[in-house]
Amino acid sequence: MSEKTDKTEQQRLSVFKTYKLYVGGKFPRSESGRVYEVTDSKGKWLANAPLSSRKDARDAVVAARKAFGGWSGATAYNRGQILYRVAEMLEGRKDQFVREVADAEGLSKSKAAAVVDAAIDRWVWYGGWTDKIAQVVGGGNPVAGPFFNLSTPEPTGVVTVLAPQESSFLGLVSVIAPVIATGNTVIVIASEKSPLPALSLGEVLATSDLPGGVVNVLSGKTAEIAAPLAAHQDVNAIDLAGADDVLAKELEIAAADNLKRVVRPQAVDYSRTPGIERLTAFLETKTVWHPTGALGASGSSY
């Protein structure tokens, strides 16, 4: 019986994973039908990843804009629940991500496991901030006169994020999570040489109660995809984390056409506690004045 089982196992064909884009809650292949080879740190073939086109980028913007109203209008508590759910789902698929991160970054299994654990914890960390960031950056302002003056943060809108090139998973999560935690929607361009963890993350997001279109994942040549997104009139902000100096300058010039918010690339140790800089980077402050009114004949006010 054991010999028969061994023979059957030897006759099985390899079942390779097909990686697809994640746009609008669905998993399309690239509109162009193109793919490119992804290899590990030693040059061994891992998979064919979709080579996104400009049309894919435009489709992602449409999906992100469509999802923005519902996501930005959700309660901060609900957004926190969904980010925590993402962490739950990643915990259940940890082994897969450990393999992908180890291959992508040339890490040992133990080091890759530590990276994946940190990425899962990062989702929980940002999930806890969703209903607290307004207390930190908003508040009541003292004014001279019978008025309430209140400042509250609101999401910027549709954000394009160039994922870090070297930190294929922890860096990826560190630039996506704060954008959606504050109510924005995002188009993320995965690491060009190591896109597989990002494409697999799309599968997790699709089953994590996250509305379709809130996160859209594209893979391919970073410069080719980023150029039309930086110039797109319906993109409100761009994070250049994964751009080199030359590309960052070109994209920043293109982004100026409709006054996009821009986060310039900088050296970041993604293993450290991130702080709230990326949470506040894509928030707008709305200030409202309201008359206090008078109470009673004495003219006292509240």
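Residues numbered from 1 in each chain as written. Predicted model: local features only at pLDDT ≥ 70, side-chain atom pairs only at ≥ 80, totals over all residues. Heavy atoms only, no water.

Visitor: Any chance you could explain the layout of surface pockets here in plain terms?
Guide: Gaps between atoms show up when a probe of the same size as a water molecule is rolled over them. Approximately 430 Å³ is the volume found for the largest pocket. Lining of the largest pocket is provided by 16 residues; of these, Tyr19, Leu46, Arg99, Glu100 and Asp103 occupy positions nearest its centre. Broken down by secondary-structure element, the contributors of at least two residues to the lining of the largest pocket are β2 (45-50) and α4 (94-105). Tallying contributions element by element places α4 first for the lining of the largest pocket, with four residues. For the lining of the largest pocket, the class distribution of residues is seven nonpolar, two polar and seven charged. Here the second largest pocket defines a volume of roughly 240 Å³. Lining the second largest pocket are 15 residues, and of these Gln266, Val268, Pro274, Glu277 and Arg278 sit closest to its centre. Looking at side-chain class alone, the lining of the second largest pocket contains six nonpolar, four polar and five charged residues. (1 Å grid on protein atoms, 1.4 Å probe; cavity = no way out; pocket = protein on both sides within 12 Å on 5 of 7 lines; lining within 4 Å. Points joined across faces, edges and corners; volume = space filled by probe spheres on them. Helix = DSSP H or I, 4+ residues; strand = E, 2+ residues; numbered from the N terminus. Nonpolar A, V, L, I, M, F, W, Y, C, P; charged D, E, K, R; others polar.)

Visitor: What should I look at first to understand empty space enclosed by the protein in this one?
Guide: Throughout the structure, instances matching the rule amount to one cavity of 30 Å³ or more. Empty space within the largest cavity amounts to approximately 40 Å³. Considering the residues around the largest cavity, the lining is formed by Val38, Thr39, Leu46, Glu100, Asp103, Ala104, Ser194, Pro195, Leu196 and Pro197. Of all the secondary structure elements, the ones that give two or more residues to the lining of the largest cavity are β1 (35-39), α4 and α8 (196-206). Per-class residue counts for the lining of the largest cavity are six nonpolar, two polar and two charged.

Visitor: Could you clarify how one ought to interpret the nonpolar core in this entry?
Guide: The nonpolar side chains of soluble globular proteins are, as a tendency, buried together. With 60 residues, the main nonpolar core has Leu90, Trp123, Phe169, Ile180, Leu201 and Val215 as its most contacted residues. With nine residues, helix α7 (residues 170-181) is the largest single contributor of residues to this core. If we ignore the near neighbours within four places in the chain, the residues touching isoleucine 180 are Trp71, Arg79, Leu83, Trp123, Val186, Leu210, Val214 and Val215. Formed by 24 residues, the second largest nonpolar core is a distinct cluster that contains Val23, Leu162, Ile189 and Ile238. (Core = buried A, V, L, I, M, F, W, Y, C linked by side-chain atoms within 4.5 Å. Buried < 20%, exposed > 50% of the residue type's maximum accessible area, 1.4 Å probe, protein only. Contact = heavy atoms within 4.5 Å.)

Visitor: Is there a simple way to explain the sheet that holds strand β10 (residues 283-291) in this structure?
Guide: Backbone hydrogen bonds are what pair the strands of a sheet, in a parallel or an antiparallel way. Read from one edge of the open sheet, three strands run β3-β4-β10, paired in antiparallel fashion. The open sheet terminates on both sides in strands that have one partner only, identified here as β3 (139-140) and β10. The pairing of strand β4 (residues 147-155) with β10 spans nine bridges and is classified as antiparallel. Across the sheet, the residue bridging to threonine 152 is lysine 286, located in β10. (Pairing = 2+ DSSP bridges.)

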